[in-house]
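So the chains spell out like this:
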Amino acid sequence: MNDKVLLAHGSGGRLSHNLIEKYLLPYLGNPMLNKLDDCAVIELNGRIAFTTDSYVINPVFFPGGDIGRLAVCGTINDLAAGGAEAKYLSLALIIEEGFPIADLERIIASVSSTAKEAGVLVITGDTKVVDHGSADGIFINTSGVGVIPEGVDISGSRAKEGDKVIITGTIGDHGIAVMSQREGIKFSVPVVSDCAPLNGLVSDILKVSTAIHCLRDPTRGGLATTLNELAVQSDAGILIEEDKIPVKDAVRGMCEILGLDPMYVANEGKLVVIAPPEDADRVVEALRGNKYGKDAVVIGEITSGHKGRVALKTRLGASRIVDMLTGDLLPRIC
Amino acid sequence: MNQGRFNQMKYIDEYRDTELGKSLIKRIARLSKKPVKLMEFCGGHTVSILKHGIRQLLPAHIEMLSGPGCPVCVTSVAEIDKAVCLARKHGAIVACFGDMLRVPGSNSSLQRAKAEGADVRVVYSTQDALEIARQNPLKPVAFIGVGFETTAPTVAASVLHAFTEGLTNYYILSLHKLCPPVMKTLLVSHEIELDGIICPGHVCAITGSKPFEFIGREHDIAAVISGFEPLDILLAVEMLIKQIENGEHTLENAYTRVVRDEGNRQAINIMNEVFETSASYWRGIGIVPESGLRLRDKYRGFDAEAAFEIEQPSLKENPGCICGEILRGVKKPYDCFLFKDVCDPEHPVGPCMVSAEGACSAYYLYGGENE
Amino acid sequence: MCLAIPALVKSINGETAEVEVGGVVRKVSRTLTPEVNPGDYVLLHTGYAISVIDEVDALKTLEMLKEIADIESGQV
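**Observations concerning the overall build of chain C**
Step number 1: Each helix and strand counted, chain C has 1 helix and 5 strands in total.
Step number 2: Traced from its N-terminal end to its C-terminal end, chain C shows the element sequence β-β-β-β-β-α.
Step number 3: Compactness check: chain C gives a C-alpha radius of gyration of 16 Å against a globular reference of 11 Å for 76 residues, more than 25% above the reference.
Step number 4: The buried share of chain C, reckoned over its 76 residues, is 46%.
Step number 5: Taking the contacts inside chain C whose residues are at least 6 apart along the sequence as the reference set, 32% of them involve residues at least 24 apart.

**Considerations on the interface of chain A and chain B**
Step number 1: Chain A puts 33 residues into the contact, and the matching count from chain B is 45 residues.
Step number 2: For the side of chain A that touches chain B, the leading source of residues is helix α8 (residues 249–258) of chain A, giving 5 residues.
Step number 3: Tallied by class, residues from the side of chain A that touches chain B come to 14 nonpolar, 9 polar and 10 charged.

**A short note on the interface of chain C and chain B**
Step number 1: Counting residues at the interface gives 33 residues for chain C and 43 residues for chain B.
Step number 2: Counting only elements with at least two residues in the side of chain C that touches chain B, the list comes to β4 (41–45), β5 (48–52) and α1 (55–74) of chain C.
Step number 3: Taken together, the residues of the side of chain C that touches chain B break down into 17 nonpolar, 11 polar and 5 charged.

**Some points on the sheet that holds strand β2 (residues 62–69) of chain B**
All names here are of chain B.
Step number 1: Within the open sheet, the 5 strands sit side by side as β2-β1-β7-β8-β9. Their pairing is parallel. Lying at the two open borders of the sheet, with one neighbouring strand each, are β2 and β9 (251–253). Mean inter-strand twist for the sheet, computed between neighbouring axes without regard to direction, equals 25 degrees.
Step number 2: Bridge analysis of strand β1 (residues 36–42) against strand β7 (residues 196–200) gives 3 bridges, and the strand direction is parallel. Across the sheet, residue Glu 40 finds its bridge partner in β7, namely Ile 198.
Step number 3: Packing of helix α2 (residues 43–51) onto the sheet brings it into contact with β1, β2, β7 and β8 (222–226), and relative to β1 it is tilted by some 120 degrees.
Step number 4: Against the sheet, helix α11 (residues 230–245) contacts β1, β7, β8 and β9, and its axis sits at roughly 165 degrees relative to β8.

**A few points about the nonpolar core**
Step number 1: Among the nonpolar cores identified, the biggest contains 262 residues, and Val94(B), Val141(B) and Leu44(C) are the most heavily contacted of them.
Step number 2: It is α11(B) that provides the largest number of residues to this core, a total of 10 residues.
Step number 3: Inspection of this core shows a minimum of three residues originating in each of domain 1 (7–148) and domain 2 (164–322) of chain A.
Step number 4: If we skip the residues at most four places from it in the chain, Val141(B) touches Ala92(B), Ile93(B), Ala95(B), Ala129(B), Ile132(B), Ala133(B), Asn136(B), Asn169(B), Tyr170(B) and Tyr171(B).

**Re the environment of Asp261(A)**
Residues and elements named next belong to chain A.
Step number 1: The topology assignment puts Asp 261 in the loop between α8 and β10 (272–275).
Step number 2: Judged by the 18 C-beta atoms lying within 10 Å of it, Asp 261 is partly exposed.
Step number 3: Through-space distance from the C-alpha of Asp 261 to that of Leu 329 is 9.1 Å; in sequence the pair is 68 residues apart.

**A look at the confidence of the model for chain C**
Residue and element names in this part refer to chain C.
Step number 1: Predicted confidence across chain C gives a mean pLDDT of 91, with 97% of residues reaching 70 or more.
Step number 2: Within chain C, no element has a lower average pLDDT than strand β3 (residues 24–29), which sits at 88, and none a higher one than β5, at 97.
Step number 3: Predicted complex, confidence summary: ipTM 0.95, pTM 0.89.

**Structural notes on helix α7 (residues 222–234) of chain A**
All names here are of chain A.
Step number 1: End to end, α7 covers 19 Å across 13 residues, agreeing with the expected 18 Å (1.5 Å per residue, within 8%).
Step number 2: Counting buried positions along α7 gives 10 out of 13 residues, so the element sits mostly inside the fold.
Step number 3: Of the positions making up α7, those classed as buried are Gly 222, Leu 223, Ala 224, Thr 225, Thr 226, Leu 227, Asn 228, Leu 230, Ala 231 and Ser 234.
Step number 4: Once α7 ends, the next one or two residues include Asp 235, with phi positive near 45 degrees.

**Observations regarding the pairing of strand β2 (residues 16–21) of chain C**
All names here are of chain C.
Step number 1: Residues Ala 17, Val 19 and Val 21 point to one face of β2 and are all buried, whereas Thr 16, Glu 18 and Glu 20, pointing to the other face, are not buried.
Step number 2: Examined bridge by bridge, strand β1 (residues 5–13) and β2 share 5 bridges and lie antiparallel to one another. Paired with Leu 8 across the two strands is Glu 20, which belongs to β2.
Step number 3: What sits between the antiparallel neighbours β1 and β2 is a turn of 2 residues, in which Gly 14 has the positive phi angle 65 degrees.
Step number 4: Remark: 2 residues form the turn of the hairpin made by β2 and β3, two consecutive strands paired antiparallel; Gly 22 in that turn has positive phi of roughly 50 degrees.

Scoring rules and cut-offs
Residues numbered from 1 in each chain as written. Chains lettered and ligands numbered in written order. Predicted model: local features only at pLDDT ≥ 70, side-chain atom pairs only at ≥ 80, totals over all residues. Helix = DSSP H or I, 4+ residues; strand = E, 2+ residues; numbered from the N terminus. Rg over C-alpha atoms; globule rule 2.2 N^0.38 Å. Buried ≥ 20, exposed ≤ 12 C-beta atoms within 10 Å, placed from the backbone. Contact = placed C-beta atoms within 7 Å. Nonpolar A, V, L, I, M, F, W, Y, C, P; charged D, E, K, R; others polar. Pairing = 2+ DSSP bridges. Axes fitted to C-alpha atoms, helices over the stretch in contact; angles between N-to-C directions. Core = buried A, V, L, I, M, F, W, Y, C linked by C-beta atoms within 7 Å. Domains from an automatic or database assignment. pLDDT = per-residue confidence, 0-100. Expected span 1.5 Å × (residues − 1).

Written out as structure tokens, the structure is:
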């Protein structure tokens, strides 16, 4: 087998089958996937949650993860944010001709280990290869299905006045980890992406509170953008306190140097949890008992004022608006 | 951000202390009797003031005006067009600071040119630009030099490095501007009557305090050199108010840990070795003599304008956009009809909205709850 | 303007210095501040150390701020 992915690997013929047998099935294989039927057949009872996402991240490998891990976590976390127990994933690959096979194998191994950790199965997939220059190395799409347990009703529109706003850990880790790898900005930084499957974390919370109102993962656009989305969806005001927001030292250092605000930097292993005030302490305790929630903290609350907007109480006691991200996050000198 | 559970960042966190800040605010409120107009000249001060909510915490009769100290905001449409021309027409690798990417020229921007296939790269430092030049010996690499006296020495240093190394593909498009001349122009115009000026602490780190002494001496306006953390700014306001209430008008330094009277001699020498002053066009203000920097003859080989034929575009600004008046402190962002209506960070009309430290951008993003 | 951040000089090597900001280690130029040494704090701007931070003056400023706080807490 050549050490690069060729166009023929995506054409459905012998080379395609070799690719699947040699590099995909050994890592992902399970009774459903191994059938290699045109479609997977599942039996599920209850309310089904269904989501899809595509991953085009560059660089493909970054401190703390890679596009494979990201593709699994992102979709699982979207299901988890709806309160669903993630069950099955599809995995579609679009690979640029010339992509190293060793890298592909590494990514698939990562998909496999992340899926195992999360307890989900990849049960159907697709592989295409496109001309050199038509894709940035590799693009991945994953779709996921899960089941929402009875009694769980989580939606971005359910935040109520008095609810507490909780973040499950430090913000900005993923965006800074990726930025530190990218061309043009070189730092030697011990910041690692927080990319993680959070379905276990969510089930821990749901065990102690059946009244969680909102869950959302603050990915692109960061915490600020996600809070703005929730404020609009719930037609509620959100007030957070600058002093309470957890940020790792190295992330803060990088943000200070580059002139970035950690509230706008992407996260891939965190959740915003909006819970009724009487449940907030229990929820934070449950989060801190899970390895992905050990820095969980209440950062604010839902208010009656400034509906649809997010305000921040600064260290000096003034309050100012926090808008969502506009344009791209760019380093600045001024 | 959360201080209690994570380590302090030295020389930053101490100057963000809540209790000390509240005391300063209390003191300012106690000392300040007359209504006053203070200008924070520098965009970085505007951002810090709004980000920490300082305007809201000061008594209402202290009016804070933003000045033209935002090097991106005062970059003219014509200057942006030159940068875009380098990228599009001459196929140069254009390296620029992130701030410059989205500033609108007459019909394009560096970001637009990049999307259309031009090789535009955001860099953090001229050192990155030099590295790009070393790695691409057959392509011209043009660095868009923007910034005041804080940044100009770093660009000058890069030219000296290129000179010593014998790099022949490294160029600078110098759009650098100087602070004291434009401050003089503003004060001489008497368009607004100021009582005090918060002077740019990092410009002064390079220039020293002397170039700003004219403010008190020639214009009877109180001036204080200020750092950028909230306590630095509040201390500067306190010192200005004290002066004003006592009828004094001198230049004081509230940023002694960084600013020395004589400035940074090495940086000044390097800047003067590579650059000489020239007239420069400031968006919203017009041509100000001796307020720009251009490369000296000895370093003409690194001058992008000398090496490449760049169209000299018109200096026409976008009608309806009052960035000029905002930059001179005459109007505030919410006085502009376009503000938040047509002009927002996603669709900026003028540079005050595009630049991260432009007054309009800062007011849009951080303006208090009720603005 | 002029985003500049205090950084601790860890080591020097010719015109380069290795500095640390909140756990982030970076190589910067000391062309504009050739007098810096390990242990100094510098002001970092676009990859260059542009000024040395004077510890004595920094402490004086903080002392002044604390005095103001004491005075104001005694006021009504």
